[in-house]
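# Per-entry structural report
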Amino acid sequence: MNLPTADFGAMLAIVIMGAVSYLTRAGGVLIMSWVPIGPRVQRFINAMAGSVLVAVIMPMALDGDTAARLALVTTTTVMLTTGKTLAAIATGMATAACWRLAFG
């Protein structure tokens, strides 16, 4: 598909991406409503969550700048010590922001 990059083409691309995202989520909910959640399915779901997390974090850890790496270390430390996800995310974001403000 070849979309023009003018205003209409950009808006059409955003609408198409939004529709695909929604259909993916709705389809997953619909499909999972027919699957009994047993121990095997539960293990699969838990493993997938970790896999997605690693897939998102590893490129940042390998190719990120100092601020990104410090944010990862801070987030991991806060999560392991407190177990509070929101606090860990907020601390990681604050660490990256402060580093970038201080050192550009």
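Data block above holds the structure.
Here's what I pulled together on the structure shown here. Just so it is clear, the structure is predicted and the values come from calculations on it, not from any experiment.

### Some remarks on a nonpolar patch on the surface
On the surface, Ile31, Met32, Val35, Ile37, Phe44, Ile45, Met48, Val52 and Val56 cluster together to form a nonpolar patch covering roughly 790 Å² of accessible area. Of all elements in the fold, only α1 (7-32) and α2 (39-63) reach the threshold of two or more residues within the nonpolar patch. Looking at the nonpolar patch element by element, the count peaks at five residues for α2. Position of Met48 relative to the elements: it lies in helix α2. Judged by relative accessible area, Met48 falls into the partly exposed class, the value being 39%.

### What about the packing of aromatic side chains?
Enumeration according to the criterion identifies one aromatic pair in this entry. Ring geometry for Trp99 versus Phe103: centroids 4.3 Å apart, planes at 45°, classification tilted. Residue Trp99 and its partner Phe103 are located together in helix α4 (residues 85-103), separated by four residues, close to a single helical turn. The class of Trp99 is partly exposed, set by a relative accessible area of 30%. With relative accessibility at 59%, the residue Phe103 sits in the exposed group.

Parameters and conventions
Per chain, the residues get numbers from 1 upward, laid out in the order the sequence is written. Predicted model: local features are reported for residues with pLDDT of at least 70 only, side-chain atom pairs are reported and counted for 80 or more only, and whole-chain, interface and lining totals are derived from all residues. Each side-chain value is derived from all of the structure's non-hydrogen atoms; neither hydrogens nor water enter the calculation. Here a patch means residues that are over 30% exposed by relative accessible area and free of salt bridges, tied together within 9 Å if like-charged and within 5 Å if nonpolar (Val, Leu, Ile, Met, Phe, Trp, Tyr). The protein chains shown are the only cover counted for residues, whose accessible areas, like all others here, come from Shrake-Rupley with a 1.4 Å probe. Each salt bridge in this description consists of a side-chain nitrogen of Lys or Arg and a carboxyl oxygen of Asp or Glu lying within 4 Å of one another. Helical segments are the DSSP runs of H or I of at least four residues, strand segments are the runs of E of at least two, and each set is numbered from the N terminus. Only protein chains enter the accessibility calculation, which uses a 1.4 Å probe; a residue is then buried when its area is under 20% of its type maximum, exposed when over 50%, and partly exposed in between. Centre distance within 6.5 Å is the pairing criterion for rings of Phe, Tyr and Trp, where only the six-membered ring of Trp is used; planes under 30 degrees apart are then read as stacked, over 60 as edge-to-face, and the remainder as tilted.

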